[in-house]
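# Descriptive structure summary
Here are the chains, one letter per residue:
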Amino acid sequence: NQEIRLISRPKGMPREEDFQFVEVPIPEPREGEVLVRTLYLSVDPYMRGRMTERKSYIAPYRLNEVITGGIVGEVVRSKAEGIAKGDVVLGELGWRKYNVAKAKHLTKVSPHLAPASLALGVLGMPGLTAYFGLLDIGQPKAGETVVVSGAAGAVGMVAGQIAKIKGCRVVGIAGSDQKVQYLTQELGFDAAINYKTTKDIRADLKEACPNGVDIYFDNVGGEISDAVLTLINQGARIPICGQIALYNLEKPDLGPRIQTQLLINRALMKGFIVSDYKPRFKEGLTQLAEWVRTGKIKYTENIIEGFENTPKAFIGLFKGENVGKQLVKVADR
Ligand code: NDP
């Protein structure tokens, strides 16, 4: 068995040297526990926040301890009622090839869910984030214009597609021409902008949003958001989902002050954490599953093979290497 520990708190962009692979024994499950073999491991931007020592909605990772995150695995030994060998489960587990977990901390993944990795993406935490952030805070109405930043990522691509289902004009912002093409040609976005190559993002946005912006689903913050916020309409809603452009900054980035924009437009800006909606997860997953089944929501997974590539996959999130949900495939079923 192997596990990945955080051995230094990243300064700026995380580096492979911040992580260490350590050989550990395969643990033995006790009463009420199961042994889980990792199949897919999720790397997520929020983990960067946990690598820094500071107060947040979730405790920081501890140095020299295993990193934890979302994992889909197969039960290989069970000492718990209701979970059998061969079941596929989802849990918040260590970055390990094998974990022992209490059965009550795991969720069974439906055997009909193919591939099971979707429980970490469109039919899991990122999908739910898009669903509740857009629908509950964004309150989209047909005919409105929705801008999504980080649009070709796990959350962004679902948020944009739900906005399309609701009859909105949807404009995505992403970091490569390939992503722009994917959004407009495969996912049905009305327009998309490559923020890395545009000469004037505000001008491009203005052209893509001739009626202004009613909802801005913000995954990135920073200068991209500064530009979008100059174009909001009366009564705009701005779900603050993430601020990835700021996660690796050592000093706060003081952009233009936008409060006047909120004031004169009576706009709502609201941060949220997906776990706030836990009591409604079943509703969200049922709806998302139906949209996926009927082809109304498409998804892409960016899968890197091999446990040894986990740090690389994580760091890649901050370089925009992924289209869709970034996963590490650790083992076959
Ligand atoms: P993604 O799949 O979107 O991966 C991250 C993407 O962010 C990259 O592919 C990259 O795409 C983009 N990015 C990286 N650095 C920058 C930068 N400096 N400026 C602009 N874009 C950048 O990740 P997720 O979908 O999992 O997460 C998206 C956002 O949602 C994150 O901010 C995350 O923290 C947040 N989140 C919030 C949750 C909540 O409960 N509030 C839950 C889950 C996620 P590109 O090529 O376009 O640059």
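Residues numbered from 1 in each chain as written. Predicted model: local features only at pLDDT ≥ 70, side-chain atom pairs only at ≥ 80, totals over all residues.

As recorded by an unreviewed UniProt entry, the protein chain carries the name Enoyl reductase (ER) domain-containing protein and is attributed to Thermoflavimicrobium dichotomicum.

## A short note on the sheet that holds strand 12 (residues 213–217)
Applicable threshold: Paired strands are those between which DSSP finds at least two bridges. What counts as a helix is a DSSP run of H or I of at least four residues, what counts as a strand is a run of E of at least two, and both are numbered from the N terminus. Axis definition: a line fit to C-alpha positions, over the contact stretch in the case of helices; interaxial angles, taken between N-to-C directions, run 0 to 180 degrees.
Strand order in this open sheet of six strands is 11-10-9-12-13-14, and the pairing throughout is parallel. Taken across any chain shown, the strands that pair with only one partner, and hence form the sheet edges, are strand 11 (191–194) and strand 14 (268–271). Each strand of the sheet is rotated relative to its neighbour by a mean of 15°, with strand direction disregarded. Pairing geometry for strand 12 and strand 13 (residues 232–240), over two bridges, is parallel. Along strand 13, the bridge assignment pairs valine 213 with isoleucine 232.

## A look at the domain arrangement of the protein chain
Which entries qualify depends on this criterion: Where each domain begins and ends is defined by an automated method or by a domain database. By definition, residues are in contact whenever their C-beta atoms, placed on the basis of the backbone, come within 7 Å of each other.
Taken domain by domain, the protein chain consists of domain 1 (2–121 + 299–329) and domain 2 (126–275). Between the C-alpha centres of domain 1 and domain 2 the distance comes to 28 Å. Contact residues are listed per partner, giving 14 residues for domain 1 and 17 residues for domain 2.

## Focus: the site of the ligand
Let me state the cut-off plainly: Only the C-beta atom matters for this test: placed from the backbone, it must lie within 6 Å of a molecule or strand for the residue to be near it. Side-chain classes are defined by residue name, with Ala, Val, Leu, Ile, Met, Phe, Trp, Tyr, Cys and Pro counting as nonpolar, Asp, Glu, Lys and Arg as charged, and the others, Gly among them, as polar.
Around the ligand sit 29 residues, and of these Gly153, Ala154, Gly175, Gly242 and Gly320 come closest. Elements with a contribution of two residues or more to the shell around the ligand: helix 2 (125–138) and helix 3 (154–165). Of all the elements, helix 3 adds the most residues to the shell around the ligand, at three residues. For the shell around the ligand, the residue count by class is 16 nonpolar, 11 polar and two charged. For the shell around the ligand, the domains that each give at least three residues are domain 1 (2–121 + 299–329) and domain 2 (126–275).

## Quick word on helix 8 (residues 281–293)
Quick reminder of the rule: For a helix, the expected span equals 1.5 Å multiplied by the number of residues minus one. Residue burial is a threshold on neighbouring C-beta atoms within 10 Å of the residue's own C-beta, all placed from the backbone, with 20 or more meaning buried, 12 or fewer meaning exposed, and counts in between meaning partly exposed. The arc under discussion is defined with respect to the helix axis, by the directions toward the C-beta atoms.
Helix length check: helix 8, at 13 residues, gives a terminal C-alpha distance of 18 Å against a target of 18 Å (1.5 Å per residue), a fit within 8%. Residues of helix 8 that are buried include every one of Gly284, Leu288 and Trp291, and no others. An end-on view of helix 8 places all buried positions within 60° of arc, on one side of the element. Away from its buried face, by an angle of more than 90 degrees, helix 8 presents the exposed residues Lys282, Thr286, Glu290 and Arg293. Those residues of helix 8 that are buried are in contact with helix 2 and helix 3. Looking one or two residues beyond helix 8, the residue adopting positive phi is glycine 295, at roughly 80°.

## Re the nonpolar core
To be explicit about the condition: By convention in this section, buried Ala, Val, Leu, Ile, Met, Phe, Trp, Tyr and Cys residues joined through C-beta atoms within 7 Å make up a nonpolar core.
Of all hydrophobic cores here, the largest spans 96 residues; its most connected members are Val72, Val147, Ala159, Leu183 and Tyr216. Shared between two domains, this core holds at least three residues of each, these being domain 1 (2–121 + 299–329) and domain 2 (126–275). For tyrosine 216, the residues in contact, after removing those within four places along its chain, are Val147, Val228, Leu229, Ile232, Ala236 and Ile238.

## Overview of the packing of helix 2 against helix 8
This is how it is decided: Reported orientations rely on four angle classes, namely roughly parallel under 35 degrees, roughly antiparallel over 145, roughly perpendicular from 65 to 115, and oblique for the rest.
One way to put it is that helix 2 packs onto helix 8 with a least axis distance of 10 Å and a crossing angle of 100°. Taken as axis vectors, helix 2 and helix 8 run roughly perpendicular relative to one another. When helix 2 is examined against helix 8, the residues Gly127, Leu128, Tyr131 and Phe132 are found in contact with a partner set consisting of Phe281, Gly284, Leu285, Gln287 and Leu288. Class assignment of the residues belonging to the contact of helix 2 with helix 8 gives a composition of six nonpolar, three polar and no charged.

## As for helix 4 (residues 177–186)
Three or more residues of helix 4 are buried, namely Lys179, Val180, Tyr182 and Leu183. When helix 4 is viewed along its axis, its buried side chains cluster within an angular range of 160° and face the same direction. Relative to its buried face, helix 4 has exposed residues pointing more than 90 degrees away, namely Asp177, Gln178, Gln185 and Glu186. Where helix 4 is buried, its residues meet helix 3, strand 10 (169–174) and strand 11.

## Concerning the pairing of strand 10
In terms of residue burial, strand 10 counts as a mostly covered element, since six of its six residues are buried. Going residue by residue along strand 10, you find Arg169, Val171 and Ile173 tucked away on one face and Val170, Gly172 and Ala174 tucked away on the opposite face as well. Here strand 9 (residues 145–149) runs beside strand 10; their pairing, made up of five bridges, is parallel. Following the sheet pairing, valine 146 is matched in strand 10 by valine 170.

## Considering the sheet that holds strand 2 (residues 19–23)
Taken in spatial order, the three strands line up as 2-1-4 in an open sheet, and their pairing is antiparallel. Both edges of this open sheet fall to strand 2 and strand 4 (65–66), since each of them pairs with a single strand only. As judged from the five bridges shared by strand 1 (residues 2–6) and strand 2, these two strands associate in the antiparallel manner. Within the sheet, the bridge partner assigned to arginine 5 lies in strand 2 and is glutamine 20.

## What to know about the confidence of the model for the protein chain
Low-pLDDT portions of the prediction should not be read for the details of their coordinates. Test applied: pLDDT is defined as a per-residue confidence score from the predictor, taking values between 0 and 100.
On average, residues of the protein chain score 97 in pLDDT, and 100% of them are at 70 or above. Two summary scores accompany this predicted model of the complex, namely pTM at 0.98 and ipTM at 0.99.

## Here's the deal with unusual backbone geometry
We note that asparagine 64 has phi near 65°; this positive angle belongs to a residue other than glycine. Along the polypeptide, asparagine 64 turns up in the loop between helix 1 (46–50) and strand 4. Its 11 C-beta neighbours within 10 Å are what place asparagine 64 among the exposed residues. With a phi close to 50°, arginine 266 is a non-glycine residue in the positive phi region. With respect to the element layout, arginine 266 can be found in the loop between helix 7 (259–264) and strand 14.

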